[in-house]
Amino acid sequence: MDPLAGDESTTDDDNASQATEDDPQVPDNPRPVPVPPPPVPPAQPPPTQVVQPSSTHRERPNYQLRHTLRGHTQSISAVKFSPDGTLLASCAADNLIKIWSPFTGELIRNLNGHTKGLSDVAWSTNGAYLASASDDTTIRIWNVDTGLTTKHLRGHSSFVFCVNYSVASDLLVSGGCDGDVRIWNVARGKCTKTLNGHMDYVTAVHFNRDATLVVSCALDGLIRIWNTTTGQCLKTLTEGNNAVCQYVQFSPNSKYILSTAHDSAIRLWDYHSSRCLKTYMGHKNEKYCIAACFSVTGGKWIVSGSEDNKVYVWDLQSREIAQTLEAHSGVVVAVATHPEQNMIASGSIEPDLAIRIWSDRGPA
């Protein structure tokens, strides 16, 4: 099972989806046995040759703090790298979106227009546009270069909590505190479908790779899979222990779903069979909607914030905590991983109000 593999199939239930939590994993890069040195002349005693056995050990990450970005005056709710990794967008309860350079920590511009706080932002695939979800019940689409609003989407009757683009960026999906999931035609700026099936705040929405499916979760405790075209709910998943799921996304190959819940557990699901394949634990998440994400640029990691003010990095296959990142002095609710480099962005709520950029410095 490899949720990060770039398999062209997005729906086939192949052998990979039959893995379980206890299945042994083949090492990603087994270390070869060194070739013994050539014979030495008899006049010298032969050197002792230590032959290293092949190992299944994965190198641990070594993320170190690179930049601390300050400027938001109320709790940060989301951080997102642009698809090419050159920019970082953040949003907060202070009504502002900020665009930063993740490499220098410089603030590039503010996007002003929402009249209430923001909960989420999402980049278009070409990086030219940014969608934002606000408590003012609207979604705005921004031209990032000019800082101007190009579309203003109205339809939710309460706070808009989450938003995401399709890979083709012709569709948006949003979730609100009215319990609705809405699909929008970006070019027209119109809602084309409203998916009714949640009975509480919708806290996360995400398209699969070809935008044929939408996954959503809500504070009603349900994860739902929807057909984008028909609006039909195809499957419903529930967390164990009556836990409330508050964040969900498809894996990069769209065969699996990653979810976070208020029982301090992150789960990887085979949604075809409705089976939980892996559970990641050790952090604290009992109150806030905390994001988690995949890291694909170096090792294969799961990254999440935590209510103990730390960022956690797990080995995707072994489920072991590979590293914890400490610097925040507030709950870390937002995390994002860079698309090309071994870099993590994290954002925290009051009193910290900081975004921190972490880079993997290589072996310690």
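Residues numbered from 1 in each chain as written. Predicted model: local features only at pLDDT ≥ 70, side-chain atom pairs only at ≥ 80, totals over all residues. Heavy atoms only, no water.

Focus on the sheet that holds strand E25 (residues 321–326)
Hydrogen bonds between backbone groups are what pair the strands of a sheet, and the pairing can be parallel or antiparallel.
Argument step 1. Spatially, 4 strands are ordered E22-E23-E24-E25 in an open sheet, and the strand pairing comes out antiparallel. Both outer strands of the open sheet, strand E22 (292–295) and E25, are each paired with one neighbouring strand and no more. Adjacent strand axes in the sheet meet at a mean angle of 20 degrees, parallel and antiparallel pairs treated alike.
Argument step 2. In this sheet, strand E23 (residues 301–304) lies alongside E22 in antiparallel orientation, the contact comprising 4 bridges. (Pairing = 2+ DSSP bridges. Helix = DSSP H or I, 4+ residues; strand = E, 2+ residues; numbered from the N terminus. Axes fitted to C-alpha atoms, helices over the stretch in contact; angles between N-to-C directions.)

Looking at the sheet that holds strand E21 (residues 275–281)
Argument step 1. In spatial order, the strands read E18-E19-E20-E21; together these 4 strands make up an open sheet with antiparallel pairing. Strands with a single pairing partner mark the edges of an open sheet, and in this sheet they are strand E18 (245–250) and E21. Neighbour-to-neighbour, the strand axes of the sheet open up by a mean angle of 20 degrees, direction not taken into account.
Argument step 2. The pairing of E18 with strand E19 (residues 257–261) spans 5 bridges and is antiparallel. The residue of E19 that forms the bridge with Gln249 is Leu258.

So, the packing of aromatic side chains
Argument step 1. The full count for this structure, using the stated rule, is 3 aromatic pairs.
Argument step 2. Here the aromatic rings of Tyr312 and Trp314 are separated by 5.7 Å at their centres, their planes lie at 25 degrees, and the arrangement is stacked. As far as burial versus exposure is concerned, Tyr312 and Trp314 are alike and both buried.
Argument step 3. Grouped by ring-pair contacts, the aromatic residues Tyr280, Tyr312 and Trp314 constitute a single cluster. (Phe/Tyr/Trp six-rings, centres within 6.5 Å; stacked < 30°, edge-to-face > 60°. Buried < 20%, exposed > 50% of the residue type's maximum accessible area, 1.4 Å probe, protein only.)

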